[in-house]
Amino acid sequence: MENNIKLAIYGAGSLGTILGAYVTKAGTKVDLINHNKSHVAGLKKNGAHVTGTVDLTVPVTAMLPEEMNGKYDIIFLMTKQLDNANVVRFLTPFLKDDGVICTAQNGLPELLIAEIIGEDRTFGCIIGWGATMIREGMSELTSSPDSLGFGIGALNNSNPEKLQQIKKVLELMGNVEIKENFIGARWSKLIINCVLSGMSSVQGCSFGEVMEDKASRLCAQRILKECIDVAKKTGIKVEPFQGKDIVKLFDYNGWLKQKISFAILPFAVKKHRFVRASMLQDLEKGKKCEIDAINGILCTCARKVGLPTPYNDRVVELVHKIENGELKPSSDNIRFFYGLK
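Conventions and cut-offs
Residues numbered from 1 in each chain as written. Predicted model: local features only at pLDDT ≥ 70, side-chain atom pairs only at ≥ 80, totals over all residues. Heavy atoms only, no water. Helix = DSSP H or I, 4+ residues; strand = E, 2+ residues; numbered from the N terminus. Rg over C-alpha atoms; globule rule 2.2 N^0.38 Å. Buried < 20%, exposed > 50% of the residue type's maximum accessible area, 1.4 Å probe, protein only. Contact = heavy atoms within 4.5 Å. Areas by Shrake-Rupley, 256 points an atom, 1.4 Å probe, with all protein chains shown as cover. Lys, Arg positive; Asp, Glu negative; His and termini not counted. Charge placed at Lys NZ, Arg CZ, Asp CG, Glu CD. Salt bridge = Lys/Arg side-chain N within 4 Å of Asp/Glu carboxyl O. Patch = residues over 30% accessible without salt bridge, like charges linked within 9 Å, V, L, I, M, F, W, Y side chains within 5 Å. Axes fitted to C-alpha atoms, helices over the stretch in contact; angles between N-to-C directions. Parallel < 35°, antiparallel > 145°, perpendicular 65-115°, else oblique. Left-handed = near helix turned anticlockwise from the far one by under 90°. Nonpolar A, V, L, I, M, F, W, Y, C, P; charged D, E, K, R; others polar. Pairing = 2+ DSSP bridges. Right-handed = clockwise from strand over helix to strand, strands pointing away.

S.K.: Looking at this structure, I do not really get the overall build of the protein chain. What am I missing?
M.R.: Of the regular secondary structure elements, the protein chain holds 13 helices and twelve strands. For a compact globule of 341 residues, the expected C-alpha radius of gyration is about 20 Å, and the protein chain comes in at 19 Å, within 12% of that figure. Based on the C-alpha atoms only, the size of the protein chain along its principal axes is roughly 60 × 40 × 35 Å. Expressed as a percentage of the 341 residues in the protein chain, the buried residues total 56%. Across the protein chain, every contact between residues at least 6 apart in sequence was considered, and the portion connecting residues at least 24 apart equals 70%. In the structure as shown, the protein chain presents an accessible area of about 15,000 Å², 52% of it carried by carbon and sulfur atoms. Averaging the locations of the 43 positively and 37 negatively charged side chains of the protein chain gives two centres separated by 4 Å.

Quick look at the structure:
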């Protein structure tokens, strides 16, 4: 890496803390920025402690947003997608003239960001691993160490040099693949989030537990089918995720392929079976989550092409009820899916 490159991770929570630890450990300076004062204080005092499937502690540079200074070449945006327009407007003055934002958020965030700073300064990153915040300064890596991969890309190919620069940074942690059809790759992660994060949040369980219960797995399969149908109708070519072709493996029209799809679903989450959705982590802390940017955006896309999405609609409805205190994340919530077609 170039020694003079100035990097930041804005929203250095569970995922960003781990990325920052790996990048710093590899000898490249990166500023970890977060609104949580106690988390920042923990990072400053004890460094970033990564536990779970690995165990490492790395001294890092951490700060609050109000402590930011200077201008950055790359800002990795890792906040929840709750107020993106204002977040991006806040970050824009901290970008160099050729500085860029690489969003590692869920959903389809690149379109809004590009409206504010331009397509040539907007890049996306799809993270293929999971994490859970344990306490201030400590994050648990919940995915297998051999799954530390990233998919990156842009809305156009107008800035290939910056894309290569982003690739070099992320390679300090894991394998990085440049996605030519980035929107198709973004959709593959959106589909996975709709299926696993949505059901994990509704039921208060890990991805593996979503698939262990047959009633839960059936709901997950229906959510997956709705997502694939919407992508097809929208004209999106869904890219493989971590080498697996989601559409080829799990789409179905007849009963035999449907049974096969149902049977192999648990194997698809094997490396991530202990992951608990970040949305669930927010709900358990009494916070609003980004359900509208995940299952919600899928439902919005479906309405535009005239497709019904009853299972995704129900996930959005239930998560909002959990946010409002009307329900709690529980396996009992599976009853609200009964009777849907």
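S.K.: Would you mind going over the environment of N84 with me for this structure?
M.R.: Tracing the backbone through its elements, the reader meets N84 in helix α3 (residues 84-91). Sequence separation of N84 and S216 is 132 residues, and the distance between their C-alpha atoms is 32 Å. Sequence-distant contacts of N84, that is, excluding residues within four places in its chain, are made with L77, T79, Q105, P109, L112 and I113.

S.K.: What should I look at first to understand the pattern of salt bridges in this one?
M.R.: Opposite charge on two side chains permits pairing when their charged atoms draw close. Inspection of the entire model under this criterion finds 15 salt bridges. Of the charged contacts in the structure, one is a salt bridge between E67 and K44, with a shortest N-O distance of 3.2 Å. Of this pair, E67 sits in the loop between β5 (61-63) and β6 (72-77) while K44 is found in helix α2 (residues 37-46), placing the two residues 23 residues apart along the sequence. We classify E67 as partly exposed; its relative accessible area is 34%. The partner of K232 in a salt bridge is D251, with the nearest N and O atoms 2.3 Å apart. In this pair, K232 is assigned in helix α8 (residues 214-234) and D251 in the loop between α9 (246-250) and α10 (255-268), connecting sequence segments 19 residues apart.

S.K.: Explanation requested: a nonpolar patch on the surface in the structure shown.
M.R.: A cluster of nonpolar side chains, W255, L256 and I260, forms an exposed patch at the surface whose accessible area comes to about 350 Å². Within the secondary structure layout, I260 lies in helix α10.

S.K.: Would you explain the packing of α8 against α10 in this entry?
M.R.: Two quantities define a packed helix pair, namely the angle between the helix axes and the distance between the axes. Where α8 contacts α10, the two axes come as close as 10 Å, and the packing angle between them is 115°. With respect to their mutual orientation, α8 and α10 come out roughly perpendicular. The two elements α8 and α10 meet at a crossing, and its hand is right-handed. Residue-level inspection shows K214, R217, L218, Q221, R222 and L224 of α8 in contact with α10, the latter providing Q258, S261, F262, A263, L265 and P266. Of the residues contributing to the contact of α8 with α10, the split by class is six nonpolar, three polar and three charged.

S.K.: Just to check I follow, could you spell out the environment of K287 for this structure?
M.R.: Secondary-structure assignment places K287 in the loop between α11 (278-284) and α12 (295-304). Exposure remark for K287: the relative accessible area of 44% places this residue in the partly exposed category. Here the alpha-carbon distance between K287 and V54, two residues 233 residues apart in the chain, equals 28 Å.

S.K.: Would you take a moment to explain the pairing of strand β7 (residues 95-103) for this structure?
M.R.: Looking down a regular strand, the side chains alternate between one sheet face and the other. The sheet contact formed by β6 and β7 spans five bridges and is parallel. Looking at the pairing, L77 lines up with T103 of β7. You can see the chain leave β6, run along α3 and come back into β7, and the turn it takes is right-handed. Bridging between β7 and strand β8 (residues 122-127) involves three bridges; their strand directions are parallel. Bridging from a neighbouring strand, C102 pairs with F123 of β8.

S.K.: Would you take a moment to explain the sheet that holds β6 for this structure?
M.R.: The strands that make up a sheet pair up through hydrogen bonds in the backbone, lying either parallel or antiparallel. With mixed pairing, eight strands are arranged side by side in an open sheet as β5-β2-β1-β6-β7-β8-β11-β12. Edge positions in the open sheet fall to β5 and β12 (175-178), since each of these has one partner strand only. Strand-to-strand twist across the sheet, computed as the mean angle between neighbouring axes with direction ignored, equals 25°. Running over the sheet, α2 touches β2 (31-33) and β5 and is turned about 155° from β5.

S.K.: Which parts of the structure should I look at to understand the sheet that holds strand β3 (residues 48-52)?
M.R.: Reading across from one edge, β4-β3-β10-β9 is the order of the four strands in this open sheet, with mixed pairing throughout. Edge positions in the open sheet fall to β4 (56-58) and β9 (131-135), since each of these has one partner strand only. The sheet shows a mean angle of 25° between the axes of neighbouring strands, direction not considered. Note: β3 against β4, three bridges, orientation antiparallel. Its bridge partner being in β4, A48 is matched across the sheet by V58.

None of the figures reported here should be taken as evidence of function without further support.
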